[in-house]
Amino acid sequence: MPKPVNVRVTTMDAELEFAIQPSTTGKQLFDQVVKTIGLREVWFFGLQYVDSKGLSTWLKLNKKVLVQDIRKETPLQFKFRVKFFPEDVTEELIQEITQRLFFLQVKDAILSDDAYCPPETAVLLASYAVQAKYGDYNKDIHKAGFLSNERILPQRVIDQHKMSREQWEERIVNWYSEHRSMLREDAMMEYLKIAQDLEMYGVNYFSIKNKKGTDLWLGVDALGLNVYEQEDRLTPKIGFPWSEIRNISFNDKKFVIKPIDKRAPDFIFYAPRLRINKRVLALCMGNHELYMRRRKPDTIEVQQMKAQSREDKHSKQMERAHLQREKQAREDAERREKDLHETLQRFQDEAKAAQDALQRTEESAKQLEDQMKLAEEEARDLERKREEAEAEKDRVRKEIESQKEQSEAAIRRAKEMEDHAKQMALDAERKAQEAARLEKEVVLCFSPISSAPVIMLLLLVLAALNKSIQC
């Protein structure tokens, strides 16, 4: 029995491993992958691998896996990727898993700068990506810096503007907070609806040359073929919608596009290798097939898928509405409980404040009472001191009055003595005058008398009189 070969298939969000037989075809491996992940919209996807030349190519479903030019390694490596893009993601992407795989692949292309995105659009897309990953914004959970380790913007955008990572995060969160109540899958679809309008969205580019040897780009997408100049992959130089292409063919490295208008010239370009032309043709055929399919009524399978999707979406909406009501009821209950707790806490605080105020009032009353007692004692002391002061005042007043009376008596006595002295002086002066007069009279009267005894007698009398005056 042939030995099985190990295969690893990497999707955008998982790794799957299988063991295949040498006879396993590409379609058998592809079916095994889509069955494992539960995918039904298989027409958008393919298995990609790196060939022996180091180029990425798509696994051919109608050939055996091991006969294709797969780089030999253990296990064999494949990527499960979007191969064909829809014209309108809203109308064509039905399953949630399809939407998620598209979202992850387109987001990776934008962040890797494989699909150019202007800075303003990149910020808006980042906000939807954050909503898809984290759900509704909650300022208590999604604090500053919660996106610091996230890959959310193309490096080119960050390098072009002199803004810190914190400033970028602030701008993204401003948009993110506006997406409240948006389902994660709806956020992914909003992301894709914006991304599908980017010029490089869903375009597979191939390097080609025209007849003159000028280097150009050939872009293959859901609506047709476009030719770009080498320096500008955003603005097509010439376009060929599928509806205007009559035939596409190649011969070795030469590739020919024949317009429906037979008067219009064929467009001829040259690929560097034959295998490039084969890949271009395979992509053209697949995109053209889907282009024609979109313009026909949906198949029974697609109708059933859309009906199931609508039913699932309605069921999810009902469930979300129910959860939202429960969440709202819980939030209301928590808010009421919080309000009651805050009210109780406020009452407790007010009661404690009143108790503290009462205690302070009692302490103040006691202090006032102590102060009143002290004031009464001080008042009694003051009264006693006042009485003592009054008594002292009376004593001093009486003493002053007594001293005043004594002073007045002394003054009177001094005045009387002075008057008496003056009177005695006047009397002495008068007696002196009288004595002098008498002396003269005596002299005059007794001048003839020469008797010594008489004279002596008179002198004694005068001396006695003078002494009397002096006293």
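So, a few notes on the structure that sits alongside this text. (Residues numbered from 1 in each chain as written. Predicted model: local features only at pLDDT ≥ 70, side-chain atom pairs only at ≥ 80, totals over all residues. Heavy atoms only, no water.)

**A closer look at the packing of helix α4 (residues 119-134) against helix α6 (residues 165-176)**
And then number 1: Following both chains from N to C, one finds α4 and α6 inclined at 65 degrees, their axes separated by 8 Å at the closest point. Judged on the interaxial angle alone, α6 and α4 are roughly perpendicular. The element α4 and its partner α6 pack so that their crossing is right-handed. On α6, the residues touching Val123, Leu124, Ala126, Ser127, Val130, Gln131 and Tyr134 of α4 are Trp168, Arg171, Ile172, Trp175 and Tyr176.
And then number 2: Of the residues that constitute the contact of α4 with α6, the class distribution is 9 nonpolar, 2 polar and 1 charged. (Axes fitted to C-alpha atoms, helices over the stretch in contact; angles between N-to-C directions. Helix = DSSP H or I, 4+ residues; strand = E, 2+ residues; numbered from the N terminus. Parallel < 35°, antiparallel > 145°, perpendicular 65-115°, else oblique. Left-handed = near helix turned anticlockwise from the far one by under 90°. Contact = heavy atoms within 4.5 Å. Nonpolar A, V, L, I, M, F, W, Y, C, P; charged D, E, K, R; others polar.)

**Quick look at the pattern of salt bridges**
And then number 1: Applying the stated criterion across every chain yields a total of 30 salt bridges.
And then number 2: In this structure, the salt-bridge partner of Arg275 is Asp51, at a minimum N-O distance of 2.9 Å. On the criterion of sequence distance, the pair formed by Arg275 in helix α8 (residues 274-294) and Asp51 in the loop between β3 (45-50) and β4 (56-58) is long-range, its members being 224 residues apart.
And then number 3: You can call Arg275 partly exposed: its relative accessible area is 27%.
And then number 4: What makes Asp51 buried here is its relative accessible area of 1%.
And then number 5: Here Asp215 and Lys209 are joined by a salt bridge, their closest N and O atoms 2.4 Å apart.
And then number 6: Each member of the salt-bridge network shares a partner with another, and the members are Asp51, Asp69, Arg275 and Arg279. (Salt bridge = Lys/Arg side-chain N within 4 Å of Asp/Glu carboxyl O. Buried < 20%, exposed > 50% of the residue type's maximum accessible area, 1.4 Å probe, protein only.)

**Things to note about the packing of aromatic side chains**
Two measures describe an aromatic ring pair: the distance that separates the ring centres and the angle between the ring planes.
And then number 1: Applying the stated criterion across every chain, the model contains 18 aromatic pairs.
And then number 2: Judged by centre distance (6.4 Å) and plane angle (10 degrees), the rings of Phe250 and Phe255 are stacked.
And then number 3: A residue is classified by how much of its surface remains accessible, and Phe255, at 0% relative accessible area, is buried.
And then number 4: Here the aromatic rings of Phe255 and Phe269 are separated by 4.7 Å at their centres, their planes lie at 15 degrees, and the arrangement is stacked. (Phe/Tyr/Trp six-rings, centres within 6.5 Å; stacked < 30°, edge-to-face > 60°.)

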